[in-house]
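Below, each chain spelled out in residue letters.
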Amino acid sequence: MNKIALIVGASGIVGSNLARELLAQHWTVYGLARRPQTDLPGLLPVAADLLDPAALATALADVAPTHVFLTSWMRQDTEAENIRVNGAMVRNLLAALAPKHSVQHVALVTGLKHYLGPFDSYARAGALPPTPVREEMPRLEAPNFYYAQEDEVFAAAARDGFSWSVHRPHTIIGQAVGNLMNMGTTLAVYASLCKAQGRPFRWPGSQAQWQGLSDVTDARVLAKQLAWAATTEAAKNKAFNITNGDYFRWSWLWPRLAAWFGVEAVGFEGTVQPLEAQMAGDADAWRSLAAQHQLLEPDLSRLASPWHTDLDLGRPIEVMTDMSRSRELGFTVYQRSEESFFDLFAQLRAERLIP
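We now turn to the structure provided with this report. In every chain, residue numbers begin from 1 and rise along the written sequence. At least 70 in pLDDT is required for a residue's local features to be given in this predicted model, at least 80 for side-chain atom pairs to be given and counted, and no such filter applies to totals for whole chains, interfaces and linings, which use all residues. With hydrogens and water stripped out, all remaining heavy atoms of the structure feed into the side-chain values.

Looking at the sheet that holds strand E5 (residues 105-109)
Strand pairs in the sheet, formed through backbone hydrogen bonds, run parallel or antiparallel to each other. Counted only if it meets this: Strands are labelled as partners when DSSP assigns at least two bridges between them. Note on conventions: DSSP H or I runs of at least 4 residues are helices, E runs of at least 2 residues are strands, and numbering of each starts at the N terminus. Think of each axis as a best-fit line through the C-alpha atoms, taken over the contacting stretch in the case of a helix, with angles from 0 to 180 degrees between the N-to-C directions. It only takes one pair of heavy atoms within 4.5 Å for two residues to be counted as in contact.
Here we have 7 strands laid out as an open sheet, ordered E3-E2-E1-E4-E5-E6-E11, and parallel in their pairing. Two strands in the sheet have a free side with no partner beyond their single neighbour: strand E3 (44-47) and strand E11 (238-242). The mean inter-strand angle of the sheet, taken between neighbouring strand axes irrespective of direction, is 20°. Sitting on the sheet, helix H3 (residues 79-97) touches strand E1 (4-8), strand E2 (28-33), strand E4 (67-70) and E5, and the angle it makes with E4 is about 170°.

Printed below as a string of structure tokens:
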């Protein structure tokens, strides 16, 4: 049977890599977004607003997917609004598809805030989970839009009879312009500014993150797990952590990232030095750098998300994930995390997004 994918958020860091993976496996792939990607050969764009049920039904009138991949969310000012808006997005989409009776599996991408709490109470002291985090850990008491998204998927699965999987990456490393949570590109832009201005590549985060163990998720590895879970019987109706499979310490990795750009690395010096503050006045400097090197994106805000990088690197504990569940079921993809960053940096340079 032909596998027909509908990727929600196909222009983003997860969705674009997933589209490439599924197309390489000869799926039919639709990419839904408010401004869908049109430069990936084979991807069938669907322009739709997930908060407009009538328009959504019209946009999907001729689309009958066998597999749905939810890789998008919309950031709001409060967690209550995150819950309302992002829950509605999932609910509206699955309601629009229900009459078609075509959906066999729905995959939802969330993340480690499932274990650490929402943005406005992110990993605060006194509510810190034991690490490595494991999928069987209970939900936190705090409201969390990831839980609302899960509950919408679970309810629709019970109603419509499809299977589901939930995927919880750590920090995702991969290329996407305009992404709200993009540590790899943020660090590449920051390092490029440091080199151009003779500034040190200064560690922005906590002592716990600097000294402790961590891991990250290559967007290509996440794409492979999404495809695997969607087509593996033993993976149905389960949640999975997903990281590269190795651990590192930032005190080891930070100088290596600096060396790639030829800048001076400065480690933890006793206090947190938020990247958002370090880059607060860099918009004009980046615009000038982009003009000097004929870069394709002069708008710093479309490349760098220092607020989210600060959340990850400023945590008061080391954070890493346990990958046993999917390993036991046969998912054995591995990626060296140092190379995830280097591959991304090379790609950004080749695509003229950094000098």
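Brief notes about the nonpolar core
We count it as follows: For this analysis, a nonpolar core means a set of buried residues of the types Ala, Val, Leu, Ile, Met, Phe, Trp, Tyr and Cys, connected via side-chain atoms within 4.5 Å. Burial classification: accessible surface area is computed with a 1.4 Å probe over protein chains only, and a residue below 20% of its type maximum counts as buried, one above 50% as exposed, and the rest as partly exposed.
By size, the foremost hydrophobic cluster in this structure holds 38 residues, and its most contacted members are Val189, Phe201, Trp250, Leu257, Trp286 and Phe341. Per element, the largest residue contribution to this core is 8 residues, and it comes from helix H6 (residues 183-197). Ignoring anything within four residues of it in the chain, the contact list for tryptophan 250 reads Met183, Leu187, Trp203, Gln209, Trp210, Gly212, Ser214, Pro255, Leu257, Leu313 and Phe341. In terms of nonpolar packing, the next biggest core, distinct from the first, is built from 31 residues, Ile7, Val29, Phe69 and Trp228 among them.

A closer look at the side chain of asparagine 182
Its place among the elements puts asparagine 182 in the loop between strand E7 (172-173) and H6. Under the relative-accessibility criterion, asparagine 182 is labelled buried at 0%. Asparagine 182 has contacts with Ile13, Gly174, Ala176 and Ser305, leaving out every residue within four places of it along the chain.

Thoughts on the environment of alanine 290
Mapped onto the elements, alanine 290 comes out in helix H11 (residues 283-293). The sequence separation of alanine 290 and threonine 231 amounts to 59 residues, and the corresponding C-alpha distance is 43 Å. Leaving out residues up to four positions away in the same chain, alanine 290 has contacts with Leu295, Glu297 and Pro298.

Regarding the packing of helix H9 (residues 250-261) against helix H14 (residues 337-350)
Stated precisely, the cut-off is as follows: Relative orientations are named as follows: roughly parallel for angles under 35 degrees, roughly antiparallel for angles over 145 degrees, roughly perpendicular for angles from 65 to 115 degrees, and oblique for any other angle. Helix crossings get a hand from a simple test, with the near helix turned counterclockwise from the far one by less than a right angle marking a left-handed crossing and a clockwise turn marking a right-handed one.
With their axes 11 Å apart at the nearest point, H9 and H14 run at an angle of 25° to one another. As the angle between them shows, H9 and H14 are arranged roughly parallel. Viewed along their axes, H9 and H14 form a crossing whose handedness is right-handed. Residues Trp250, Trp252, Leu253, Arg256, Leu257, Trp260 and Phe261 of H9 touch H14, and the partners they reach there are Glu338, Phe341, Phe342, Phe345, Ala346 and Arg349.

Looking at the environment of leucine 329
Structurally, leucine 329 is set in the loop between helix H13 (324-328) and H14. Along the chain, leucine 329 and threonine 232 lie 97 residues apart, while their C-alpha atoms are 9.0 Å from each other. If sequence neighbours within four positions are ignored, leucine 329 has contacts with Trp228, Ala234, Ala235, Lys238 and Phe240.

Structural notes on H9
This is how it is decided: Given a helix with a known number of residues, its expected span is that number minus one, times 1.5 Å.
Across its 12 residues, H9 extends 17 Å between first and last C-alpha, which sits within 8% of the 16 Å expected from 1.5 Å per residue. Directly after H9, the chain includes glycine 262, whose backbone phi takes a positive value near 75°.

Focus on H6
When the terminal C-alpha atoms of H6 are compared, their 21 Å separation across 15 residues agrees well with the 21 Å that a helix rising 1.5 Å per residue should span. Counting buried positions over the 15 residues of H6 gives 12, a clear majority of the element. Regarding H6, the residues found buried are Met183, Gly184, Thr185, Thr186, Leu187, Ala188, Val189, Tyr190, Ala191, Ser192, Leu193 and Cys194. In the stretch just after H6, glycine 198 is the one whose phi turns positive, near 70°.

Focus on the pairing of strand E6 (residues 163-169)
Judged by how many residues are buried, E6 sits mostly within the fold: 7 of 7 residues are covered. Residue alternation in E6 divides its side chains into two sets, Ser163, Ser165, His167 and Pro169 and Trp164, Val166 and Arg168, and both sets are buried. Looking at chain direction, E5 and E6 are connected through 5 bridges and run parallel. In the sheet register, valine 109 faces E6, and the bridge partner there is histidine 167. Inspection of the sheet shows E6 paired to E11 by 5 bridges, in the parallel sense. The partner of serine 165 across the bridge, within E11, is lysine 238.

A few points about unusual backbone geometry
Trans peptide bonds make up the majority, and among non-glycine residues the majority have a negative phi. A cis amide bond links threonine 131 with the next residue in sequence, proline 132, at an omega value of 0°. Summarising the element assignment, proline 132 is placed in the loop between helix H4 (113-116) and helix H5 (145-160). Phi at histidine 101 takes a positive value of approximately 55°, unusual for a residue other than glycine. Among the structural elements, histidine 101 can be located in the loop between H3 and E5. The backbone of glutamine 294 shows a phi angle near 55°, a positive value even though the residue is not glycine. You can see glutamine 294 is positioned in the loop between H11 and helix H12 (306-313).

Brief notes about the pairing of E4
For clarity, the cut-off: The handedness rule is simple: strands pointing away from the viewer, and a clockwise path from the first strand over the helix to the second, make the crossover right-handed.
Neither face of E4 is left uncovered, since the one carrying His67 and Phe69 and the one carrying Val68 and Leu70 both have all their residues buried. By the bridge criterion, 4 bridges tie E1 to E4 in an arrangement that is parallel. What sits directly across from alanine 5, in E4, is histidine 67. As paired elements, E4 and E5 share 4 bridges and run parallel to each other. Directly across from phenylalanine 69, in E5, lies its bridge partner alanine 107. For the segment spanning E4, H3 and E5, crossover handedness is right-handed.

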